Amino acid sequence: MRHRQRGWTQMIGQLRLDDHLQRYTETAPHALAVAAAVDAIATAAIEIAGLIASGDLADASGLTTGRNSDGDLQRDLDVHADAILRRCLGRLPIAALASEEMREAQIVDRHGRICIAIDPLDGSSNIDINMTVGTIFSILPAPDDLSLAFQQRGSAQLAAGFVTYGPQTSLVLTLGDGVDIFTLDRKAGCFRLARSAVQISETCEEFAINASNRRHWDPPVRAFIDECLAGVEGPANHDFNMRWIGSLVAEAYRILTRGGVFLYPSDARPGYGDGRLRLVYEAHPMAMIIEQAGGSASTGRERVLELSAQSLHQRVPLIMGSSNEVRRAEELHCDPLLVASVSAPLFARRGFFRL
Ligand code: F6P
Ligand code: MN
């Protein structure tokens, strides 16, 4: 880990995000611009956290106000969070900015060195029930042709992160050199290092998927989940627990904390041929974070970081988390015979999940 200094673990609770960013500014040509952007996002996150914490008292109740350009229900807080982030980032020389809440990317400053894509309020269907939501961001280098700003491969990202607005407000960050988590010190109004060099275990005992879509899944996804459900009696040889929060940031935070595998696959519902999650401002940043923490992120057939988007709001199937489980899901996606051989005896022997 390049810019880390000795005694890093002793800095837990002490090291402030701005000091961490300050050290990083000396490491690479884009680093100053990236550090300023992360600092601006952290400032916005403190404001958004305050708004979410006040909820109805601040007229930020999670009420549906309409639909965004891609047809998703839009809540009042989606709109507020987007405005706060754009105000904070608007002070910086950014080349291009994209948001889930904007139809098209904006070219901001042709001399800017970086481009930023944001999901201002991820998991916003959870706002009105007082559950964790978040902000996701991806920072890319500015290409010569800015019309291609958000068509770069995920592996081009300079930094990525997300903020969770839950019992704690935490900022998960990778600057391409591991993953650190900073938690908001509300009294001091700053983020402090809470966990450094986060690592995801290779194996896991928890899976996350919206199982209500089971009848729409492709055979490899069914086979993978059937293996999880078969537990110690199936090929996985161990039992799994299941969690589904319905908020990508919260699922990712859980995986960074205790391992696990998350799937939002493609399915047969109209409009879900490429799953639900967006490549540029959801899957790419999550994939970078998960890989930087030693996990994997795949569509089932390809590494997510190898992909580049053809359009800003392009969707992508996402399977991420502990690398052994993601590898198993990939094996099942790539080998129909394996799916058949895994599924048939399971169904025949126990008679559950008959197709
Ligand atoms: O941003 C999309 C999102 O809200 C994610 O945070 C979450 O993982 C997913 O959608 C939940 O989708 P569904 O409601 O289909 O389970
Ligand atoms: Mn989202």
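About the thresholds
Counting restarts for each chain, with residues numbered from 1 along the sequence as it is written. As they are written, the chains are lettered A onward and the ligands numbered 1 onward, keeping that order. In keeping with the predicted nature of the model, local features appear solely for residues at pLDDT of at least 70, side-chain atom pairs appear and are counted solely at 80 or more, and the whole-chain, interface and lining totals rest on all residues. As a convention, hydrogens and water are excluded, and side-chain values are obtained from all of the structure's heavy atoms. Distances define the donors: N, O and S atoms within 2.8 Å of the metal qualify, as do those within 3.2 Å of Na, K or Ca. Water is excluded, so some sites may look unfinished. Secondary structure follows DSSP: runs of H or I at least 4 residues long count as helices, runs of E at least 2 residues long count as strands, and numbering of each begins at the N terminus. Only protein chains enter the accessibility calculation, which uses a 1.4 Å probe. A residue is then buried if its area is under 20% of the maximum for its type, exposed if over 50%, and partly exposed in between. At least two DSSP bridges between two strands are needed for those strands to be called paired. Note on contacts: a residue pair is in contact if any heavy atoms of the two residues lie within 4.5 Å. Angles run from 0 to 180 degrees between N-to-C directions of axes, and those axes are lines fitted to C-alpha atoms, restricted for helices to the stretch in contact. The cutoff for a nearby residue is simple: one of its non-hydrogen atoms must lie within 4 Å of the molecule or strand. What qualifies as a polar contact is a pair of N or O atoms within 3.5 Å, subject to a donor-acceptor requirement within protein and to the restriction that residues adjacent in sequence count only when both atoms come from side chains. Where accessible areas are quoted, they stem from the Shrake-Rupley method and a 1.4 Å probe; at the residue level, only the protein chains shown are allowed to cover. Using only the protein atoms, space was sampled on a 1 Å grid; points where a 1.4 Å probe fits but cannot get out form cavities, open sets with protein on both sides within 12 Å along at least five of seven lines form pockets, and lining residues are those with an atom within 4 Å of a point. A molecule is counted as occupying a cavity or pocket when more than half of its atoms fall within 2 Å of that pocket's grid points. This arc corresponds to the set of directions leading from the helix axis out to the C-beta atoms.

Attention shifts here to the coordination of the manganese ion (ligand 2). Protein coordination at the manganese ion (ligand 2) comes from Asp-119 (OD), Asp-122 (OD) and Glu-282 (OE), with a distance range of 1.9 to 2.2 Å. Of note, the donors binding the manganese ion (ligand 2) are all from one chain and are spaced D-x2-D-x159-E. With Asp-119 in strand 5 (residues 114-122) and Glu-282 in helix 6 (residues 279-292), this residue pair connects regions lying 163 residues apart in the sequence. Looking at Asp-119, the relative accessible area reads 0%, which means it is buried. Exposure remark for Glu-282: the relative accessible area of 5% places this residue in the buried category.

With mixed pairing, the five strands of this open sheet are ordered in space as 12-11-13-15-14. Edge positions in the sheet fall to strand 12 (241-242) and strand 14 (296-298), since each has one partner strand and no second. By the bridge criterion, four bridges tie strand 13 (residues 261-264) to strand 15 (residues 318-321) in an arrangement that is antiparallel. Its bridge partner being in strand 15, Leu-263 is matched across the sheet by Ile-319. Those strands touched by helix 7 (residues 323-334) are strand 13, strand 14 and strand 15, and its axis lies near 150° from that of strand 15.

Moving on, we come to the site of ligand 1. Close to ligand 1 lie Asp-122, Gly-123, Asn-210, Trp-244, Gly-246, Ser-247, Leu-248, Tyr-264, Arg-276, Leu-277 and Glu-282, which account for all nearby residues. At 2.8 Å, a backbone N or O of Leu-248 approaches an oxygen atom of ligand 1. Look at ligand 1: alone it shows 400 Å² of surface, and the protein chains cover 85% of it. Judged by its atoms lying within 2 Å of the grid points, ligand 1 is housed in the largest pocket.

In this section: the pairing of strand 9 (residues 179-185). With six of seven residues buried, strand 9 is to be regarded as a mostly interior element. Strand direction decides the pairing type here: strand 8 (residues 169-174) and strand 9, joined by five bridges, are antiparallel. Paired with Leu-171 across the strands is Phe-182, a residue of strand 9. Between strand 8 and strand 9, which follow one another and run antiparallel, lie four residues, and Gly-176 among them has a positive phi close to 85°. With five bridges connecting them, strand 9 and strand 10 (residues 190-195) associate as antiparallel partners. Looking at the pairing, Asp-185 lines up with Cys-190 of strand 10. With antiparallel pairing between neighbouring strands as the criterion, strand 9 and strand 10 make up a hairpin whose turn holds four residues, including Gly-189 at a positive phi of roughly 70°.

In this section: helix 1 (residues 17-24). Three or more residues of helix 1 are buried, namely Leu-17, His-20, Leu-21 and Tyr-24. Around the axis of helix 1, the buried residues are gathered within 95° of arc, so they sit on the same side. Considering only its buried residues, helix 1 is in contact with helix 2 (31-54), strand 8, strand 9 and strand 10.

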